[in-house]
Amino acid sequence: MSESTPVQQADFWFDPRCPFAWVTSRWIGEVEQVRDISVDWHVMSLSILNEGRDSSEEHQANMQRGRGPVRVIVAAADLHGDEYIKRLYDAMGTRIHERRNDDLDAVIRESLDEVGLPADLARFAHTADYDERLEASHQGAIDRVGNEVGTPVVAFNGTAFFGPVLTRIPRGEEAGRIFDGAILLSEFPEFFELKRSRTESPTFD
């Protein structure tokens, strides 16, 4: 990395349950090793995204349950500092995606313990105490990209996109080259979208 290269700013919105956001976040971690980049982390919510859509009662109940992890992250950030947003994301995402633990209450308890936060923060998973802050963070992503999106939302130097959606984690200089391309596209204000049908599920190797 050249000393004359300006530091690039990324803002990353995630729901810890989303496997595509997880892959993209691990890519960003690779980019941090090979490019000058500063990343700010924010929550959004698949549950909020799916509110009001026609679906079964069971699906709606699962969506409501899915607010738990992001509620706890928002509470932890408010009570203990923003540095816990990424730390809890890493802990929760590892359990959900790599260890395939779908017991969200257990994921929350274990993650709080891993990062050294009080266990009683888990209570916020089942209350609406921090929903206003959660919805504001979520809306911060939507305001930048519109409603027809999923997770993740990533802003490069202030220009936000849904994605990039990746199914594997690019490593090393390959990760850097993909980042360079994203930065280049973000610098052209008339660029809006690239898309093709996805033919495989994400892997986390």
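- The chain appears in an unreviewed UniProt entry as Disulfide bond formation protein DsbA from Arthrobacter echini.

## Describing the layout of surface pockets
Here comes step 1: Put simply, the largest pocket is a space of about 1,500 Å³.
Here comes step 2: Lining the largest pocket are 41 residues, and of these Phe 162, Gly 163, Pro 164, Val 165 and Leu 194 lie nearest its centre.
Here comes step 3: Of all the elements in the fold, those that place two or more residues in the lining of the largest pocket are α2 (46-49), α7 (131-145), β4 (159-162) and α8 (172-186).
Here comes step 4: Of all the elements, α8 adds the most residues to the lining of the largest pocket, at 5 residues.
Here comes step 5: Across the lining of the largest pocket, the residue classes tally to 22 nonpolar, 9 polar and 10 charged.
Here comes step 6: Considered as a void within the structure, the second largest pocket measures approximately 260 Å³ in volume.
Here comes step 7: In terms of lining residues, the second largest pocket is bounded by Asp 40, Trp 41, His 42, Val 43, Ile 73, Val 74, Ala 77, Asp 78, Asp 82, Ile 85, Arg 133 and Ser 137.
Here comes step 8: Looking at the lining of the second largest pocket, the elements that each hand over two or more residues are β2 (37-43), α4 (67-80) and α7.
Here comes step 9: Here the residues of the lining of the second largest pocket sort into 6 nonpolar, 2 polar and 4 charged.

Rules used throughout
Residues numbered from 1 in each chain as written. Predicted model: local features only at pLDDT ≥ 70, side-chain atom pairs only at ≥ 80, totals over all residues. Heavy atoms only, no water. 1 Å grid on protein atoms, 1.4 Å probe; cavity = no way out; pocket = protein on both sides within 12 Å on 5 of 7 lines; lining within 4 Å. Points joined across faces, edges and corners; volume = space filled by probe spheres on them. Helix = DSSP H or I, 4+ residues; strand = E, 2+ residues; numbered from the N terminus. Nonpolar A, V, L, I, M, F, W, Y, C, P; charged D, E, K, R; others polar.

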